[in-house]
Amino acid sequence: MPDVRSMDRQGRQMDARDRLIAALYAQLKAERETRETLEWAIRNGAVSREVLEAIAADPVPVVTSEDIASVEKIIALDERRKPNRN
């Protein structure tokens, strides 16, 4: 399968894209778990109004164009290092 990314011979090293995907997956999973925990705490009255106001006042950082440019640069550098697989 030419389009499938593979690990090195010993199966331990992932390339830059695979590491990025794994990191983004871990971040998404952590954010979902945090949201679920917060929802549970709110439903069960475990969070005070002050805490909820503090959470609402501290916005979640969004992905910026600079973040996207950095990721695109990493991917481009990674592509240049790989031999042509055609």
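Please read these numbers as outputs of a predicted model, since none were measured by experiment.

Participant: Let's hear about the packing of helix α1 (residues 16–43) against helix α3 (residues 65–81): which residues, and what values?
Facilitator: Two elements in contact, α1 and α3, have axes whose closest approach is 9 Å; the angle formed by their N-to-C orientations is 150°. As the angle between them shows, α1 and α3 are arranged roughly antiparallel. Contacts between α1 and α3 involve Ala16, Arg17 and Leu20 on the former and, on the latter, Val71, Ile74, Ile75, Asp78 and Glu79. Looking at the contact of α1 with α3, its residues break down into five nonpolar, no polar and three charged.

Participant: Which residues make up the side chain of aspartate 15, and what values do they have?
Facilitator: Turning to its location among the elements, aspartate 15 is positioned in the segment before α1. At 2.8 Å, the side chain of aspartate 15 forms a polar contact with the backbone nitrogen of aspartate 18.

Participant: Describe the pattern of salt bridges, with residues and values.
Facilitator: Enumeration according to the criterion identifies one salt bridge in this entry. Notably, a salt bridge pairs arginine 49 with glutamate 53, separated by 2.9 Å at the nearest N-O pair. Of this pair, arginine 49 and glutamate 53 both sit in helix α2 (residues 49–57), four residues apart, which is roughly one turn of the helix. According to the relative accessible area criterion, arginine 49 is exposed, its value standing at 62%.

Participant: Explain the environment of isoleucine 74 to me, using residue names and the numbers behind them.
Facilitator: Checked against the element boundaries, isoleucine 74 lands in helix α3. Taking relative accessible area as the criterion, isoleucine 74 reaches 40% and is therefore assigned partly exposed. Spatially, the C-alpha atom of isoleucine 74 lies 8.1 Å from that of arginine 17, the residues being 57 residues apart in sequence.

Participant: Explain a nonpolar patch on the surface residue by residue, including any values.
Facilitator: Together, Ile42, Val51, Leu52 and Ile55 line one region of the surface with nonpolar side chains, adding up to about 290 Å² of accessible area. Residue contributions to the nonpolar patch peak at three residues, all from α2. Structurally, valine 51 can be placed in helix α2.

Each value, and the rule that gives it
- Residues numbered from 1 in each chain as written.
- Predicted model: local features only at pLDDT ≥ 70, side-chain atom pairs only at ≥ 80, totals over all residues.
- Heavy atoms only, no water.
- Axes fitted to C-alpha atoms, helices over the stretch in contact; angles between N-to-C directions.
- Helix = DSSP H or I, 4+ residues; strand = E, 2+ residues; numbered from the N terminus.
- Parallel < 35°, antiparallel > 145°, perpendicular 65-115°, else oblique.
- Contact = heavy atoms within 4.5 Å.
- Nonpolar A, V, L, I, M, F, W, Y, C, P; charged D, E, K, R; others polar.
- Polar contact = N/O pair within 3.5 Å; in protein donor to acceptor, adjacent residues only side chain to side chain.
- Salt bridge = Lys/Arg side-chain N within 4 Å of Asp/Glu carboxyl O.
- Buried < 20%, exposed > 50% of the residue type's maximum accessible area, 1.4 Å probe, protein only.
- Patch = residues over 30% accessible without salt bridge, like charges linked within 9 Å, V, L, I, M, F, W, Y side chains within 5 Å.
- Areas by Shrake-Rupley, 256 points an atom, 1.4 Å probe, with all protein chains shown as cover.

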